[in-house]
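# Commentary on secondary and tertiary structure
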Protein chains: 2
Amino acid sequence: MHGMTGKDAAGGGLRERKKRATRAALTEAAVRLAAEHGADHVTVEAISAAAGVSVRTFFNYFDSRDDAFVVVDADVGARVRRSLLDAPADLTPLEALREALAAELAEAERQHELWTLHAEVLRAAPHLLVRSLGAQMADEAGLAEVVAQRIAAGTREGAAAHSSGGEGRAPGLYPRLLAAVAGTAVRVSVQHWCDRQDEDVPFADVFREVFALLAAGLPAPGR
Amino acid sequence: MHGMTGKDAAGGGLRERKKRATRAALTEAAVRLAAEHGADHVTVEAISAAAGVSVRTFFNYFDSRDDAFVVVDADVGARVRRSLLDAPADLTPLEALREALAAELAEAERQHELWTLHAEVLRAAPHLLVRSLGAQMADEAGLAEVVAQRIAAGTREGAAAHSSGGEGRAPGLYPRLLAAVAGTAVRVSVQHWCDRQDEDVPFADVFREVFALLAAGLPAPGR
DNA sequence: GGCTGATTTTGCAGATCGTGCATTTTTGCA
DNA sequence: TGCAAAAATGCACGATCTGCAAAATCAGCC
């Protein structure tokens, strides 16, 4: 592996850093090999060899072979949640979420090479796209909880009407729905953007249009 | 090839019927065994034995072990599409889709035992819920296409403005988003209904509220 | 430097998954 | 009944994943 990427939040110990490096090396090896030979012709043995660790170690980092292709950045979820909490209070939940996700996606688009490579791999292997959704859904619960917190903070003296469900309990219906729909919106945006890549419309435009449609209540077009 | 696809209820040949029976036996065996012993302690060998076929035959019906748990009814997608096309023309796409899904869910709720058993299994095994999403997403493309057709039929002489993408090509942004969001809505409804099963609110109520929120553009609650 | 305890990596055995191929059984039809 | 197509089966083999215990590595300390 090459070098010295400042490793986001430079983890304190050498141990932490090395674990991060190994994990990153494994995912990168997996994605590159998949892009070259096709996702399901890549064995764990090949990935492990390319990353310079043993097969057994691979399974210390990932629960399954497919997981290596799915997770590009483990703590994107945490960043989005933080961003949501720090957002201006005058934004609606949908708007706040839109901004948080837009920022994160722009960030991801910056390492353009690995991003497009990864998109290409998922594109050619729908079965991996599904796993990717799974990872997305894992974050969904946590995201819903943060949405609930934000709403609770905003309605402090309003009638806490029916279903925010802040902090401790399971989130109410609205936060869950918002979190889930947001995830779906991201997926649809990416898919549609990939399909129409010949016309080179910026990804941000597709993304904004999707959220505009959602905010308008998915009205019937063309009437 | 004309109509008469009796494919649904009374399959034409004996062959077809027997295949359906075998497949149904396998899924039912899988779900029952999973409900009893936990999903990941059920081997294909056990499922095959319970259904009275060989292990190899199991893999003739399902691409993977997990697939036996996810697909309860193979042609629910086809029914929803048909229902969408037959819906009254004065419904918005979102409304039409809501009615189609509501009818299908009510139908599913009728075999209450297997339905709840299945929900319970997926609840205990998030990793299977993910597979379930995959099946959902497989139908998504077809659903989006039908939505596009419906819109195209409704706007015959309007400006076919930006993005319906009827019939042949890949569907436009709106149909895709609508299909995807609808699937998400179903999932969130079921999840939320399962979590709040102690308060016995009817599933239909949760479902209606979710679609009401979507139609209203996911507005900030309590303001 | 060298020692100690904790963490990580590694190899290995074994259970299960999933596939290709040839064979046998079943089904549809004349 | 006899025959061709389709499905079910057995078998072999590679790949995925899990415990378990030994070896290597790291952090802190004298």
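Everything numeric here is computed off the predicted structure, so don't read it as measured data.

## Looking at the overall build of chain A
For chain A, the count of helices and strands is ten helices and zero strands. For chain A, with 223 residues in total, the buried portion stands at 43%. Considering only intrachain contacts with a sequence separation of at least 6, the fraction spanning at least 24 residues in chain A is 62%. Put simply, chain A shows about 11,800 Å² of open surface, and 54% of that area lies on carbon and sulfur atoms.

## Examining the packing of helix α5 (residues 76–86) of chain A against helix α6 (residues 93–108) of chain A
Residue and element names in this part refer to chain A. Taken N-terminus to C-terminus, the directions of α5 and α6 make an angle of 140°; their axes are 9 Å apart at the nearest point. In terms of orientation, α5 lies oblique with respect to α6. Our pair here, α5 against α6, has a crossing hand that is right-handed. Contacts from V76, R79, V80, S83 and L84 in α5 reach A96, L97, A100, L101 and E104 in α6. When its residues are assigned to classes, the contact of α5 with α6 shows seven nonpolar, one polar and two charged.

## Concerning the packing of aromatic side chains
All names here are of chain A. The tally for this structure, following the rule as stated, stands at ten aromatic pairs over all chains. Both rings, one in F58 and one in F59, keep their centres 5.2 Å apart while their planes meet at 80°; by these two values the pair is edge-to-face. Given a relative accessible area of 0%, F58 falls into the buried group. Relative accessible area serves as the criterion here: at 36%, F59 is assigned to the partly exposed category. Through a chain of ring-to-ring contacts, the aromatic side chains of W193, F203, F207 and F211 assemble into a single cluster. The residue whose ring lies beneath R23 is F62, and the NZ or CZ to ring-centre distance is 4.9 Å.

## Describing the relation of the copies chain B and chain A
Between chain B and chain A, the superposition needs a rotation of 180° and an axial shift of 0.0 Å, giving an RMSD of 0.1 Å. What the superposition gives is, in effect, a two-fold axis relating one chain to the other. Judged by C-alpha distance, G217 of chain B is the residue of chain B that lies nearest the rotation axis, at 1.9 Å. Both copies contact each other with a shared surface, as 98% of the interface residues of chain B are interface residues in chain A too.

## A short note on the interface of chain B and chain A
Where the parts come together, the accessible area they lose is often given as the size of the interface. Taken together, the contact pairs 45 residues of chain B with 45 residues of chain A. Taken as a group, L173, L177 and L218 of chain B account for 17% of the area that chain B buries against chain A, more than any other trio of residues on that side. Here chain B and chain A share four salt bridges between them. Among the salt bridges present, the one from D195 of chain B reaches R176 of chain A, with a minimum N-O distance of 2.1 Å.

## A few points about the confidence of the model for chain A
Model confidence for chain A is summarised by a mean pLDDT of 86, while 87% of its residues fall at 70 or above. This model gives residues 1–9 of chain A a pLDDT under 50, and the stretch forms seven contacts once residues within four places in sequence are excluded.

## Brief notes about the nonpolar core
Formed by 78 residues in total, the largest nonpolar core has its most connected members in L214 and L218 of chain A together with L214 and L218 of chain B. Discounting residues that sit within four places of it in the chain, L214 of chain B has contacts with L177, V181, L214 and G217 of chain A together with L94, V181 and A185 of chain B. Residues A34, F58, A68 and L129 of chain A belong to the second largest nonpolar core, which totals 25 residues.

## Digging into α6 of chain A
Residues and elements named next belong to chain A. If you check α6, its first and last C-alpha atoms are 22 Å apart, about what 16 residues at 1.5 Å a residue would give, namely 22 Å. Taken together, the buried positions of α6 are P93, L94, A96, L97, A100, L101, A102, E104 and L105. Elements in contact with the buried residues of α6: α5, α7 (112–124), α8 (126–154), α9 (173–195) and α10 (203–215).

## Details of the side chain of D67 of chain B
Residues and elements named next belong to chain B. Residue placement: D67 occurs in helix α4 (residues 67–70). Relative accessible area serves as the criterion here: at 19%, D67 is assigned to the buried category. Those residues in contact with D67 that lie beyond four places of it in its chain are F62 and R131.

## Focus on α5 of chain A
Residues and elements named next belong to chain A. Within the sequence span of α5, burial applies to G77, V80 and L84. Along the axis of α5, the buried positions cluster into a sector of 65°, meaning they face one direction only. Across α5 from its buried face, at more than 90 degrees, point the exposed residues R82 and D86. On its buried side, α5 packs onto α6 and α8.

Parameters at a glance
Residues numbered from 1 in each chain as written. Chains lettered and ligands numbered in written order. Predicted model: local features only at pLDDT ≥ 70, side-chain atom pairs only at ≥ 80, totals over all residues. Heavy atoms only, no water. Helix = DSSP H or I, 4+ residues; strand = E, 2+ residues; numbered from the N terminus. Buried < 20%, exposed > 50% of the residue type's maximum accessible area, 1.4 Å probe, protein only. Contact = heavy atoms within 4.5 Å. Areas by Shrake-Rupley, 256 points an atom, 1.4 Å probe, with all protein chains shown as cover. Axes fitted to C-alpha atoms, helices over the stretch in contact; angles between N-to-C directions. Parallel < 35°, antiparallel > 145°, perpendicular 65-115°, else oblique. Left-handed = near helix turned anticlockwise from the far one by under 90°. Nonpolar A, V, L, I, M, F, W, Y, C, P; charged D, E, K, R; others polar. Phe/Tyr/Trp six-rings, centres within 6.5 Å; stacked < 30°, edge-to-face > 60°. Lys NZ or Arg CZ within 6 Å of the ring centre and 35° of its normal. Least-squares fit on C-alpha atoms with pLDDT ≥ 70 in both. Buried area = accessible area lost by both parts, 1.4 Å probe. Salt bridge = Lys/Arg side-chain N within 4 Å of Asp/Glu carboxyl O. pLDDT = per-residue confidence, 0-100. Core = buried A, V, L, I, M, F, W, Y, C linked by side-chain atoms within 4.5 Å. Expected span 1.5 Å × (residues − 1). Arc of directions from axis to C-beta.

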